[in-house]
Every structure is written in C-alpha cells, then in structure tokens.
Amino acid sequence: MKLIYPAIFYPCEDKEGYTVEIPDLPGCVTEGDSLADAILMGTDAASGWVLDELEDGKPIPPASSLENIKPDADGIVNLLVLDMDSYAEKYGEKSVRKNISIPAFMDTYVEKNGISLSRITQNAIVLMMQGYLTDSLLGALGTNYESKVAREAKLSK
C-alpha cells in the first residue's frame, strides 16, 4: 500500500537543516541535516506513525490536498510517498504466521521436550541478522544435529 501525505519543511533557525511537519498526522515532526535528509526522515517518521495506527487497528487519516496546506512564510510544501508494505515488512511488530516442515523425528523431540519452534526460529533469525549464525554454519549444524537426533530417535523406539 502506497500513501501520499503533504509535509511542510522549515529551515532550522539555529543550525543547518530542516524541520519536517506532517500536518495530517498529529505530533509527527522530525528533522534532517539537509533537504534530502529531511525528506527521508519525514518519510520514515510518517511511515512509523501510520504503521503504529494500523497495528493498533485504528484508521489512518486521509491526506489533505496541497491547496489546503498553508505553511508559514519560510515553509516549503512537498509530498511524501510512504511504501507501507515495505516499511511494515522491515519494522512492523505484528507477528506473521508461517507454516514450516520438519522431519518427524524432530517433531517428536520438540514435543517431548516442550520446545517452542517459534522461539527457536526467531532466535536463529536474530542470530543470522546479527551475523553470528550463517547459512553455511547452520547447514553444518543441521547435518550433524539431524544425524545425532535421528539416531537417538531410532534407539528410543
């Protein structure tokens, strides 16, 4: 979902840069060191504001037309384009349900030991995102672990 909101850019008085106000999103104000940075910061702030509303199940305000935005004398009006799908994928806190397939012996082990597959998956992804766990290391662990657990599962029958 793409949204467009008008924003007002005001030059900062005591430093270089711009303050950004998004009039349709109450309290949504940010700053940037340059006009280009302010546009990026405004887009990020507005996207975060809208995502919070969506995750709380609240409606998002409609965007005003440019004609209805009246900045002070030194303000510049520009449109911000929000790519909410991309932003939500990157920063959203809403959980997404995924279906995974695992070998039966692993399912037996998980059930027997009360292990949460969601917790394990989330922790593994966080470790990968932080660079502590790589695909090659995960593959090596998976092969060794699978062999050991498979043997244990067969022996316990």
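Everything below is about the structure printed above this text.
So, a few notes on the structure that sits alongside this text. None of the values given here were measured: they were computed from a predicted structure. Each chain carries its own residue numbering, running from 1 in the direction its sequence is written. It should be noted that, the model being predicted, local features are given only for residues of pLDDT at least 70 and side-chain atom pairs only at 80 or more, the latter also being counted only at that level, while totals for whole chains, interfaces and linings use all residues. Note that the side-chain values use all heavy atoms of the structure and ignore hydrogens as well as water.

**Some thoughts on a negative patch on the surface**
Defined as follows: A patch consists of residues whose relative accessible area exceeds 30% and which take part in no salt bridge; residues with like charges are grouped when within 9 Å of each other, and nonpolar side chains (Val, Leu, Ile, Met, Phe, Trp, Tyr) when within 5 Å. Areas reported as accessible are Shrake-Rupley estimates using a 1.4 Å probe. Residue values count occlusion only from the protein chains shown. Think of a salt bridge as a Lys or Arg side-chain nitrogen and an Asp or Glu carboxyl oxygen that are within 4 Å of each other. Residues counted as positive are Lys and Arg, residues counted as negative are Asp and Glu, and His and the chain ends are not counted. Where a charge lies is defined by one atom per residue type: Lys uses NZ, Arg uses CZ, Asp uses CG and Glu uses CD. Secondary structure elements follow DSSP: runs of H or I no shorter than four residues count as helices, runs of E no shorter than two count as strands, and numbering proceeds from the N terminus.
On the surface, a cluster of negative charge is made up of Glu 13, Asp 14, Glu 21, Asp 72 and Asp 74. For Asp 72, the position within the fold is in the loop between α1 (35-55) and β4 (76-83).

**Notes on the side chain of Glu 53**
Applied cut-off: The classification of residues rests on relative accessible area computed with a 1.4 Å probe and restricted to protein chains. Under 20% of the type maximum is buried, over 50% is exposed, and intermediate values are partly exposed. What makes two residues a contact is simply this: any of their non-hydrogen atoms within 4.5 Å.
Relative to the assigned elements, Glu 53 resides in helix α1. Within the buried core, Glu 53 has no salt-bridge partner, and the shortest N-O distance to an opposite charge, that of Lys 58, equals 4.4 Å. When sequence neighbours within four positions are dropped, the list of residues in contact with Glu 53 reads Lys 58, Pro 59 and Ile 60.

**Observations regarding the sheet that holds β4**
Inclusion rule: Pairing between two strands requires that DSSP report at least two bridges joining them. All axes are obtained by fitting lines to C-alpha atoms, using only the stretch in contact for helices, and the reported angles, taken between N-to-C directions, cover 0 to 180 degrees.
The strand order β3-β2-β1-β4 describes an open sheet built from four strands, whose pairing is antiparallel. Edge positions in the open sheet fall to β3 (29-32) and β4, since each of these has one partner strand only. Adjacent strand axes in the sheet meet at a mean angle of 35° when their direction is disregarded. Sheet topology places strand β1 (residues 2-11) next to strand β2 (residues 18-21); four bridges connect them, and they run antiparallel. Bridged to Pro 11 within β2 is Tyr 18. Together, β1, β2, β3 and β4 form the strand contacts of α1, whose direction differs from that of β4 by roughly 50°.

**Notes on the nonpolar core**
Soluble globular proteins tend to pack their nonpolar side chains together in the buried interior. Definition in use: The set of buried Ala, Val, Leu, Ile, Met, Phe, Trp, Tyr and Cys residues whose side-chain atoms join them within 4.5 Å is what this entry labels a nonpolar core.
Ranked by internal contacts, the top residues of the largest apolar core, which has 17 residues, are Tyr 5, Ile 22, Leu 25, Val 50 and Leu 82. Listed by contribution, the elements that provide at least two residues to this core are β1, α1, β4 and α2 (84-91). Ranked by the residues each element gives to this core, the list is headed by α1, at five residues. Sequence-distant contacts of Leu 25, defined by excluding residues within four places in its chain, comprise Tyr 5, Ala 46, Trp 49, Val 50 and Pro 61.

**A short note on the pattern of salt bridges**
One pass over the structure, following the stated rule, counts two salt bridges. In this structure, Lys 2 engages Asp 83 in a salt bridge whose closest nitrogen and oxygen atoms are separated by 3.2 Å. Here the residue Lys 2 occupies a position in strand β1, and Asp 83 occupies one in strand β4, the gap between them amounting to 81 residues. Residue class for Lys 2 comes out exposed when judged on its relative accessible area of 59%. Classification of Asp 83 by relative accessible area gives partly exposed; the value is 30%. A salt bridge links Lys 15 to Glu 31; its shortest N-O distance comes to 3.0 Å. One end of the pair, Lys 15, is in the loop between β1 and β2; the other, Glu 31, is in strand β3, with 16 residues separating them in the sequence. Taking the relative accessible area as the measure of exposure, Lys 15 reaches 46% and is therefore partly exposed.

**Quick look at the packing of aromatic side chains**
The criterion, for reference: Working definition: a ring pair exists when centres of Phe, Tyr or Trp rings (six-membered ring for Trp) sit within 6.5 Å. Plane angles under 30 degrees give stacked, over 60 give edge-to-face, the rest tilted.
Taken as a whole and judged by the stated rule, the model has one aromatic pair. The interplanar angle of 45° and the centroid separation of 4.7 Å between the aromatic rings of Tyr 87 and Tyr 91 together place this pair among those described as tilted. Of this pair, Tyr 87 and Tyr 91 both sit in helix α2, four residues apart, which is roughly one turn of that helix. On the basis of relative accessibility, which here comes to 43%, the residue Tyr 91 falls in the partly exposed class.

Worth remembering: the numbers are spatial, not functional.
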